[in-house]
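Observations on the three-dimensional arrangement
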Amino acid sequence: KQEVTQIPAALSVPEGENLVLNCSFTDSAIYNLQWFRQDPGKGLTSLLLIQSSQREQTSGRLNASLDKSSGRSTLYIAASQPGDSATYLCAFSRSNYQLIWGAGTKLIIKP
Amino acid sequence: GAGVSQSPSNKVTEKGKDVELRCDPISGHTALYWYRQSLGQGLEFLIYFQGNSAPDKSGLPSDRFSAERTGGSVSTLTIQRTQQEDSAVYLCASSLDRYGYTFGSGTRLTVV
């Protein structure tokens with residue numbers, strides 16, 4: 001059973017566009033939800049964390065929202081840049097340590 | 001150290017051999033996690049350490065997998081009698097609290 005689904009699996013857009021990455025999860029009793037970025041050959045970088053009591057978090061050009069009732073989170077990237085090219089992963093935690101992960105969205109920003 | 005260090009970065013081994021993967025967490029981080037990422041799949045939780053204790057080993061796929069942590073620092077993940085399905089990237093993370101995960105670059109294991 002796929003507990004976390006990320007759509008689309010891959011996305012290619014021209015530089016400067018605003019874009020939305022989607023994450024859906026089956027468990028409404030989440031502790032928190034996080035978005036990570038993964039670059040080839042490198043580790044994961046935490047981007048945003050949304051507590052279960054929160055609706056959204058913002059960091060620079062990134063905004064993440066959380067709707068527990070519908071089991072959805074979105075990551076909004078404004079004014080995309082080639083340096084944003086990476087795989088974006090969402091993960092939720094049922095407890096204070098174990099993360100349940102989606103398979104990721106591979107994003108390519110074309111100059 | 002400045003970050004989470006994993007070694008080796010790449011490992012090719014023959015089916016049936018044992019392998020050891022090492023994780024050196026950020027100094028002072030009490031929690032340490034092992035995850036596995038197979039091609040095209042999401043990360044799969046393996047085991048979690050708090051100090052030297054492992055409260056949750058439920059993610060270990062089989063009894064061929066074991067892990068230990070000594071001195072509240074370095075952790076070793078051991079896979080015995082490796083199989084081809086063990087091929088994956090093994091990621092280690094450490095944290096001081098429940099939120100601040102820092103991941104290593106991973107060990108890419110290929111079983112031939």
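Data block above holds the structure.
To keep things clear, this report deals only with the structure shown in the data block. None of these values were measured; they are calculated from a predicted model.

**Focus: the overall build of chain A**
When helices and strands are counted, chain A shows zero helices and eleven strands. Reading the helices (α) and strands (β) of chain A from amino to carboxyl end gives β-β-β-β-β-β-β-β-β-β-β. Over its C-alpha trace chain A gives a radius of gyration of 13 Å, about what one expects of a compact globule, namely 13 Å for 111 residues. Along the three orthogonal principal directions, the C-alpha set of chain A runs to about 40 × 25 × 20 Å. Partitioning the intrachain contacts of chain A with sequence separation of at least 6 by distance along the chain shows that 53% fall at a separation of at least 24. In the form shown here, chain A has an accessible surface area of approximately 5,200 Å², with 49% of it arising from carbon and sulfur atoms.

**Quick look at the state of the cysteines**
Taken as a whole and judged by the stated rule, the model has two disulfides over all chains. Each disulfide pairs two cysteine sulfurs, and for C23 of chain A the partner residue is C90 of chain A, the sulfurs being separated by 1.9 Å. What sets the handedness of the C23 of chain A and C90 of chain A disulfide is the S-S torsion sign, and at about 75 degrees it is right-handed. Pair noted here: C23 of chain A is in strand β3 (residues 19-25) and C90 of chain A is in strand β9 (residues 86-93), with a separation of 67 residues, a long-range link. With its sulfur 1.9 Å from that of its partner, C23 of chain B forms a disulfide with C92 of chain B. Measuring handedness by torsion sign, the sulfur bridge of C23 of chain B and C92 of chain B sits at about -65 degrees and is left-handed. In this pair, C23 of chain B sits in strand β3 (residues 19-24) while C92 of chain B sits in strand β9 (residues 88-95), placing the two residues 69 residues apart along the sequence. Here C23 of chain B matches C92 of chain B in class, with each residue buried.

**Some words on the nonpolar core**
By size, the foremost hydrophobic cluster in this structure holds 23 residues, and its most contacted members are L33, W35 and L75 of chain A. Within the residue set of this core, elements represented by two or more residues are β3, β4 (32-38), β5 (44-51), β7 (62-67), β8 (72-77), β9 and β11 (105-110) of chain A. Residues I47, F49, I79 and Y90 of chain B belong to the second largest nonpolar core, which totals 19 residues.

Criteria and thresholds
Residues numbered from 1 in each chain as written. Chains lettered and ligands numbered in written order. Predicted model: local features only at pLDDT ≥ 70, side-chain atom pairs only at ≥ 80, totals over all residues. Heavy atoms only, no water. Helix = DSSP H or I, 4+ residues; strand = E, 2+ residues; numbered from the N terminus. Rg over C-alpha atoms; globule rule 2.2 N^0.38 Å. Contact = heavy atoms within 4.5 Å. Areas by Shrake-Rupley, 256 points an atom, 1.4 Å probe, with all protein chains shown as cover. Disulfide = S-S within 2.5 Å. Buried < 20%, exposed > 50% of the residue type's maximum accessible area, 1.4 Å probe, protein only. Core = buried A, V, L, I, M, F, W, Y, C linked by side-chain atoms within 4.5 Å.

By themselves these figures say nothing about function.
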